[in-house]
Amino acid sequence: MTRIMLIIKLFALFASSSPYFFSTAYAQSSQVKFDVHVLVNGLNHPWSMVFLPDGQILLTERIGQLRIVSTDGKLSTPIKGVPAVFAEDQGGLLGLALDPDFSKNHLIYFSYAESQADKAGTVVARAKLVDMALENLQVIFRQQPKTDGNKHFGSRLVFAPDGNLFVTLGERFKSMDQAQQLDNHLGKLVRIRSDGSVPSDNPFLRDPRAKPEIWSYGHRHIQGAAIHPGTGELWIHEHGPRGGDEINIPKPGKNYGWPLASYGIHYWMVPIKKEHAERGFEEPIYYWTPSIAPSGMMFYQGNMFPEWKDNLFVGALAGKHLARLVVNGKNVMSEEKLLKDSARIRDVAAGPDGAIYLLTDEENGKLLRLTRATAP
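The paragraphs below set out a description of the structure included in this document. Numbering of residues starts from 1 in every chain and runs along the sequence as written. Restriction of local features to residues with pLDDT of at least 70 applies here, the model being predicted, together with a cutoff of 80 or more for giving and counting side-chain atom pairs; totals for whole chains, interfaces and linings are based on all residues. Note: side-chain values were computed over all heavy atoms of the structure, leaving out hydrogens and water.

## So, the pattern of salt bridges
We define a salt bridge as a side-chain nitrogen of Lys or Arg found within 4 Å of a carboxyl oxygen belonging to Asp or Glu. All chains considered together, the criterion is met by 16 salt bridges. When the shortest N-O distance is used, the salt bridge between Glu336 and Arg324 registers 2.7 Å. Highlighted residues: Glu336 in strand E21 (residues 331-338) and Arg324 in strand E20 (residues 321-328), separated in sequence by twelve residues. Classification of residues uses two cut-offs on accessible area relative to the type maximum, computed with a 1.4 Å probe and protein chains only: under 20% is buried, over 50% is exposed, and between them is partly exposed. Classification of Arg324 as buried rests on a relative accessible area of 6%. One network of salt bridges, with partners in common, ties together Glu114, Arg142 and Lys146. Each helix is a run of DSSP H or I of at least 4 residues and each strand a run of E of at least 2, with the numbering of both proceeding from the N terminus.

Now the structure itself:
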């Protein structure tokens, strides 16, 4: 098939449902050419996805639905038993993770915004996935306190190699000053066991003034988290205000500065001091100004794109692209923007086939699959 014939074929496939992918159906980076395939249309603001052992994809929709995408691209009906969620603005059904022993216990973990009276906060629950229903649902963590507003809930879920669960949280926007206080979960990264109990080596466990679940603090709105494949360390990224989106490697007990230090400025145009280390805060290892609004994050370990082995991929909402970062140790050496001006990319994951999968944040959201380009 000639290149022209391939483009015509892709145009016919995408034109009715995703016109902005015509220009990127055959995309080229500086090193690697790849094709983009739309596997599923009609998702309502999909937020997170994980691959099941059989190759199917389990995903969340922010409106409060869990779905399964089969290996041949068929979308299931919503899974039964999902609790009611606060699905307003940035709230809803959010992060998703499989238990490390999922193949035996079939436990899944998910985070969501929960309302109470006129306030809301982030919650983490686990349940057993049986056929197309959730059983024995148990809430294992609740962000305290609940606050008013409908922004900055976080929330990604990542299991560490030691079996503990990291939960990323936002500072709920209106309560940004609470990110510096240890008596709450606002603007924090928390670390719990799979049953919700607190690990014995958490940094603030014995501090009566602090919430024992806290791992690190001074965060704004963490929407990306991934375990480094070489070191086993957690990497996160978080939204800045006007500029100053950050990548951090959060250390136990450390303060990351928000809202006292940032490489961005407040929405109301008030500058924020850039001094981190000078004031006892941790410096980000990388930041974006202007903001790209990062969301979703993964280290690529597949075989389809060997040139990208160990690269860090980050979805961009406001930036409408997929960022590929070359990492050396704890340093970001270079960045490349893929799928420029395509869509708000909410999540990114590598499949067992080595392809890269993306979720787009739209009312008619899509599941995309990036594969190595076919020969011209």
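## Quick look at the packing of aromatic side chains
Between rings of Phe, Tyr and Trp, where Trp is taken as its six-membered ring, a pair exists when centres lie within 6.5 Å; planes separated by under 30 degrees are stacked, by over 60 edge-to-face, and by other angles tilted. On inspection of all chains with the given rule, the structure shows 15 aromatic pairs. Taking the centre distance of 6.1 Å and the plane angle of 45° together, the rings of Phe173 and Tyr267 count as tilted. Of the two residues, Phe173 sits in the loop between strand E11 (165-168) and strand E12 (188-192) while Tyr267 sits in the loop between strand E16 (245-248) and strand E17 (286-288), which places them 94 residues apart along the sequence. An aromatic cluster of at least three residues, connected via ring pairs, comprises Phe34, Tyr300, Phe305, Trp308 and Phe313.

## Describing the sheet that holds strand E19 (residues 312-316)
By this definition, two strands are paired if DSSP reports at least two bridges between them. Strand order in the open sheet formed by four strands is E18-E19-E20-E21, and the pairing between neighbours is antiparallel. Of all the strands in the sheet, just strand E18 (294-299) and E21 have a single pairing partner and so form its edges. Pairs of neighbouring strands in the sheet enclose a mean axial angle of 25°, with direction left out of account. Where E20 lies against E21, seven bridges are found, and the strand directions are antiparallel. Within E21, the position partnered with Val326 by the bridge is Ser334. Each axis is a line fitted through C-alpha atoms, and for a helix only the stretch in contact is used; angles between axes span 0 to 180 degrees, taken between their N-to-C directions.

## Focus: empty space enclosed by the protein
Grid spacing is 1 Å over the protein atoms alone, the probe is 1.4 Å, and a cavity is where that probe fits but cannot get out, while a pocket is an open set with protein on both sides within 12 Å along at least five of seven lines and lining residues have an atom within 4 Å of a point. Grid points are joined across faces, edges and corners, and a volume is the space filled by probe spheres set on the points. Enumeration over the complete set of coordinates arrives at one cavity of 30 Å³ or more. Reported here for the largest cavity is a volume of approximately 60 Å³. In terms of lining residues, the largest cavity is bounded by Gly218, Arg220, Glu238, His239, Gly240, Pro241, Gly244, Glu246, Tyr256, Trp258, Ala261 and Ser262. In terms of residue class, the lining of the largest cavity is made up of four nonpolar, five polar and three charged. Three categories are distinguished: nonpolar for Ala, Val, Leu, Ile, Met, Phe, Trp, Tyr, Cys and Pro, charged for Asp, Glu, Lys and Arg, and polar for the others, with Gly belonging to the last.

## Structural notes on the sheet that holds strand E5 (residues 65-69)
Spatially, three strands are ordered E3-E4-E5 in an open sheet, and the strand pairing comes out antiparallel. Looking at strand neighbours, the two that pair on one side only are strand E3 (46-51) and E5, the edges of this open sheet. Strand-to-strand, the axes of this sheet are offset by a mean angle of 25°, without reference to chain direction. For strand E4 (residues 57-61) and E5, the ladder comprises five bridges, and the chain directions are antiparallel.

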